[in-house]
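Summary of the model geometry
Here is what each chain is made of, one letter per residue.
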Amino acid sequence: MPAFDLLQPTTAADAQNLLQQHGSDAWVLAGGLDSFDWLKDRIKKPKVVVDLSGVDELRGVRPASDGGVEIGAMTTLTEVVKNPIIKERFALLSEGAELAASPQIRNQGTLGGNVSQDARCHYYRAGWPCYRAGGNICYADTPEGRNREHAILGADRCVAVNPSDSAPALIALEAKFVIRSSQGERVVEAEDYFIGPGIDITRLNILKPGDLLTAIRIPATWAGSKFYFEKVRDRNVWDFALLNIAAAMKVSGGNIDAARIVVNGAAARPLRLKAVEDAVKGKPANAATGEMAGKLAIEGAVPLQFNAYKIPLMRNLVKRAIGGVEVATWA
Amino acid sequence: VQWATSPFGQVVPIHIAWVLIWVFAIAGLAFLVVHAIWARYFAAEEEFSGAPSAAIVAAVPAEVPRHSLAARMFHWIMAASMLTLLVTAFLPKVGVRFPWVTYHWIAGAVLTVSILYHIIHATFFMDFWAIWPDKEDIEDAGRRLKRFLGQDAPAPRRFAKYPLENKMYHGAIIATGLAVILTGVFMMFRVRTAFFPRNPYLFGDMTWGLMYVLHGLAGVSLIALIMIHIYFALRPEKLVITKSMVFGSMPKEYYLEHHDPERWTVEATTSKGASA
């Protein structure tokens with residue numbers, strides 16, 4: 001690995017101060033699963049690494065007074081999966097987190113790291129000077145480019161996708177992200193934490209140098225709702241999603257009163273399907289509604305050379321999220 | 001210039017260093033401040049040699065047509081597209097985040113079409129040479145310089161339709177404008193637009209890199225040029241010219257004071273008709 005100064009703060013305040021002090025020279029190390037790829041490949045060469053593993057206040061799941069929970073950003077995915085409150089009230093997140101990577105990685109990987117990890121486009125990760133790396137080309141979006149895993153929606157020069165499994169679940173649960181900076185603490189909607197290339201082509205989220213994600217708060221709003229999470233990947237363990245879907249629905253008398261449906265792996269940010277949510281409101285949670293919703297979900301999708309399969313895949317995931325697994329067809 | 005190593009190991013330019021945005025913005029601002037101070041405290045009264053004959057003065061209409069409606073429309077469409085291009089190009093680079101690419105290429109397409117129109121209009125329907133420096137402009141510039149340096153020289157003649165500064169500015173805009181347009185049209189092959197299919201391999205990495213650098217250099221130059229243009233348009237002594245770009249004409253008095261009717265002939269009419 002390239003040489004760097006390793007700083008190991010023990011409080012969130014110290015960590016944020018260090019990040020502020022070193023600005024863009026600093027690298028935040030949480031579980032290290034994303035970081036060590038970059039560092040050992042010598043693609044990223046930060047002068048300073050701020051290791052958060054000693055900051056205990058960033059760990060743990062705390063019940064909130066409103067019936068929700070607050071999850072420290074350094075809480076491991078395994079802890080999230082096994083937490084009884086999350087399992088009972090917000091099973092959507094447990095399911096999403098449990099499908100991330102492998103058991104070993106979930107033991108080490110953190111929730112904050114999972115939502116903040118960088119794009120997995122192989123051209124970008126290989127250190128090629130693409131748009132996301134500050135260059136002026138997307139190597140994946142070419143006739144010969146390997147783009148099977150890339151975006152079908154929201155592409156803007158760069159076609160990389162967000163790889164997180166927990167992010168869509170958190171957006172569906174209306175989670176809020178707590179960010180600490182030199183200006184103090186601010187809380188943003190999970191949906192607004194993620195950004196596409198049109199806003200900033202070099203980042204997948206709103207964190208700027210000096211910012212520290214400290215916690216994720218899930219309100220009680222969707223506790224105990226009907227949840228659906230499905231991840232489609234090439235192998236059943238230790239693989240990123242080709243597409244995943246997280247849905248939270250309030251259903252009464254067979255009709256959908258409210259829904260939040262989020263797809264990831266389709267764009268550079270997890271996509272909340274607001275048009276679908278509006279369209280299914282008041283309709284029965286059945287195959288016909290799922291059919292309609294699936295068609296609506298893929299409107300505007302633009303396939304690349306090798307990822308057209310994602311369009312029927314996304315349509316079917318939305319169908320299954322609304323009408324149940326048995327309604328999907330792969331025609 | 002920012003450099004990168006291509007997948008083939010070639011070191012290629014990728015774009016300008018974004019700090020140049022501030023360099024050119026500050027340079028433009030410095031010019032405005034220095035000029036404003038000079039104009040306020042040190043500039044001498046304008047003096048011209050000769051005077052038009054009474055017959056010529058009598059023939060000049062009260063309102064002298066200067067810019068036709070077509071020319072004014074072109075100017076303001078170009079101005080709107082140019083400002084849109086600058087805002088969409090550089091605000092994201094200084095931290096104002098918004099999805100700028102689509103707005104940028106649409107504004108670029110509008111600018112390209114308007115410039116094509118202007119080239120045809122100026123070549124076939126206007127006095128093409130009116131905006132290019134001529135022998136008298138150079139001679140008069142020499143006279144002004146000598147007088148500025150305290151040397152003995154006759155007063156310069158009145159201007160033709162455009163003073164030399166206007167002509168030089170127009171030349172700078174031609175150079176930078178054509179550079180951004182030509183490179184910009186090719187750069188549209190790298191993004192998804194309504195015009196042609198993407199082809200990021202239209203050129204090699206080095207050619208693309210040089211194109212991005214030229215686009216950026218011309219772009220940041222335009223920051224300073226546009227600042228200077230707006231500054232002069234708002235200066236009190238130039239407001240008559242600015243108003244003529246809105247209403248199409250300028251008062252007879254201003255025309256006779258600053259322009260030479262023999263170098264810029266106007267029709268003896270009182271209508272606000274189109275001018276070449």
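So, the overall build of chain A
Summing up its helical and strand segments, chain A has 13 helices and twelve strands in all. On C-alpha atoms alone, chain A measures out to a radius of gyration of 19 Å, which is about the 20 Å that the 2.2 N^0.38 rule sets for 331 residues. A total of 331 residues make up chain A; the buried ones form 58% of that total. Sequence separation of at least 24 residues holds for 63% of the intrachain contacts in chain A that already meet a minimum separation of 6. Here chain A displays about 13,000 Å² of accessible surface, and carbon together with sulfur accounts for 52% of that area.

Regarding the interface of chain A and chain B
A common measure of how large an interface is: the accessible area buried when the components associate. Counting from both sides, the interface comprises 21 residues of chain A and, opposite them, 21 residues of chain B. Overall, the association of chain A and chain B removes approximately 1,800 Å² of surface from exposure, summing both partners, and the carbon and sulfur fraction of that is 53%. The interface formed by chain A and chain B contains three salt bridges. Run the count over chain A and chain B and you get six residue pairs in polar contact (both at pLDDT 80 or more). The residue inventory of the side of chain A that touches chain B, partitioned by class, reads ten nonpolar, five polar and six charged.

Brief notes about the sheet that holds strand E9 (residues 226-232) of chain A
All names here are of chain A. The four strands lie next to each other as E9-E10-E11-E12, forming an open sheet whose pairing is antiparallel. The sheet is open, and its two edges are formed by E9 and strand E12 (271-272), each paired on a single side. Of the strand pairs in this sheet, strand E10 (residues 243-252) and strand E11 (residues 255-264) are connected by nine bridges, and their pairing is antiparallel. Considered in E11, the bridge of Ala 248 is made with Arg 260. In the packing of helix H5 (residues 91-98) onto the sheet, contacts are made with E9 and E10, and the angle to E9 comes to roughly 10°. Contacts from helix H13 (residues 310-323) reach E9, E10 and E11, with the element oriented near 25° to E10.

Things to note about the sheet that holds strand E6 (residues 176-181) of chain A
Residue and element names in this part refer to chain A. The antiparallel open sheet is built from five strands, whose spatial order is E4-E5-E8-E6-E7. The two strands at the open ends of the sheet, each matched to only one other strand, are strand E4 (61-63) and strand E7 (184-189). Shown here is a sheet whose adjacent strand axes are inclined to one another by a mean of 25°, direction ignored. In the sheet, E6 pairs with strand E8 (residues 212-218) via five bridges, with the strands oriented antiparallel. Counted as the bridge partner of Ile 179 is Leu 213 from E8.

Some points on the confidence of the model for chain B
All names here are of chain B. Summing up the model confidence of chain B, the mean pLDDT is 90 and the portion of residues at 70 or higher is 96%. By mean pLDDT, helix H2 (residues 54-59) is the weakest element of chain B at 86, and helix H3 (residues 69-90) is the strongest at 96. Within the model, pLDDT remains below 50 along residues 270-276, and this stretch shows 15 contacts once partners closer than five positions in the same chain are excluded.

As for the packing of H3(B) against helix H8 (residues 239-247) of chain B
Residue and element names in this part refer to chain B. Closest axis-to-axis distance for the H3/H8 pair is 8 Å, and the angle between their directions is 105°. Classified by the interaxial angle, the pair formed by H3 and H8 is roughly perpendicular. From H3, Arg 72, His 75 and Trp 76 reach across to H8, where they touch Ser 244, Met 245, Val 246 and Phe 247. Considering only residue class, the contact of H3 with H8 consists of four nonpolar, two polar and one charged.

With respect to the environment of A:Glu191
Residues and elements named next belong to chain A. Tracing the backbone shows Glu 191 in helix H10 (residues 190-193). The buried category is assigned to Glu 191, whose relative accessible area is 15%. Expressed as a C-alpha distance, the spacing of Glu 191 and Asp 14, which sit 177 residues apart in the sequence, is 28 Å. The contact partners of Glu 191, leaving out residues within four places of it in the chain, are Ile 171, Arg 260, Arg 269, Arg 272 and Lys 274. In this structure the side chain of Glu 191 is engaged in a polar contact, spanning 3.3 Å, whose partner is the side chain of Lys 274.

Some details on the nonpolar core
Formed by 41 residues in total, the largest nonpolar core has its most connected members in A:Leu93, A:Phe177 and A:Tyr193. By residue number, the principal contributor to this core is helix H9 (residues 166-172) of chain A, which donates five residues. Setting aside chain neighbours within four positions, we find A:Phe177 in contact with A:Val115, A:Leu170, A:Arg186, A:Val187, A:Val188, A:Ala190, A:Tyr193, A:Phe194, A:Leu213, A:Ala215 and A:Ile216. If you look at the next biggest cluster of nonpolar residues, it comprises 35 residues, including A:Cys130, A:Tyr131, A:Ala268 and B:Met187.

Some details on the side chain of B:His67
Residues and elements named next belong to chain B. Mapped onto the elements of the fold, His 67 is located in the loop between strand E3 (63-65) and H3. The class for His 67 is buried, based on a relative accessible area of 8%. Looking at His 67, its side chain comes within polar contact range of the side chain of Arg 66, at 3.3 Å.

The rules we used
Residues numbered from 1 in each chain as written. Chains lettered and ligands numbered in written order. Predicted model: local features only at pLDDT ≥ 70, side-chain atom pairs only at ≥ 80, totals over all residues. Heavy atoms only, no water. Helix = DSSP H or I, 4+ residues; strand = E, 2+ residues; numbered from the N terminus. Rg over C-alpha atoms; globule rule 2.2 N^0.38 Å. Buried < 20%, exposed > 50% of the residue type's maximum accessible area, 1.4 Å probe, protein only. Contact = heavy atoms within 4.5 Å. Areas by Shrake-Rupley, 256 points an atom, 1.4 Å probe, with all protein chains shown as cover. Buried area = accessible area lost by both parts, 1.4 Å probe. Salt bridge = Lys/Arg side-chain N within 4 Å of Asp/Glu carboxyl O. Polar contact = N/O pair within 3.5 Å; in protein donor to acceptor, adjacent residues only side chain to side chain. Nonpolar A, V, L, I, M, F, W, Y, C, P; charged D, E, K, R; others polar. Pairing = 2+ DSSP bridges. Axes fitted to C-alpha atoms, helices over the stretch in contact; angles between N-to-C directions. pLDDT = per-residue confidence, 0-100. Parallel < 35°, antiparallel > 145°, perpendicular 65-115°, else oblique. Core = buried A, V, L, I, M, F, W, Y, C linked by side-chain atoms within 4.5 Å.

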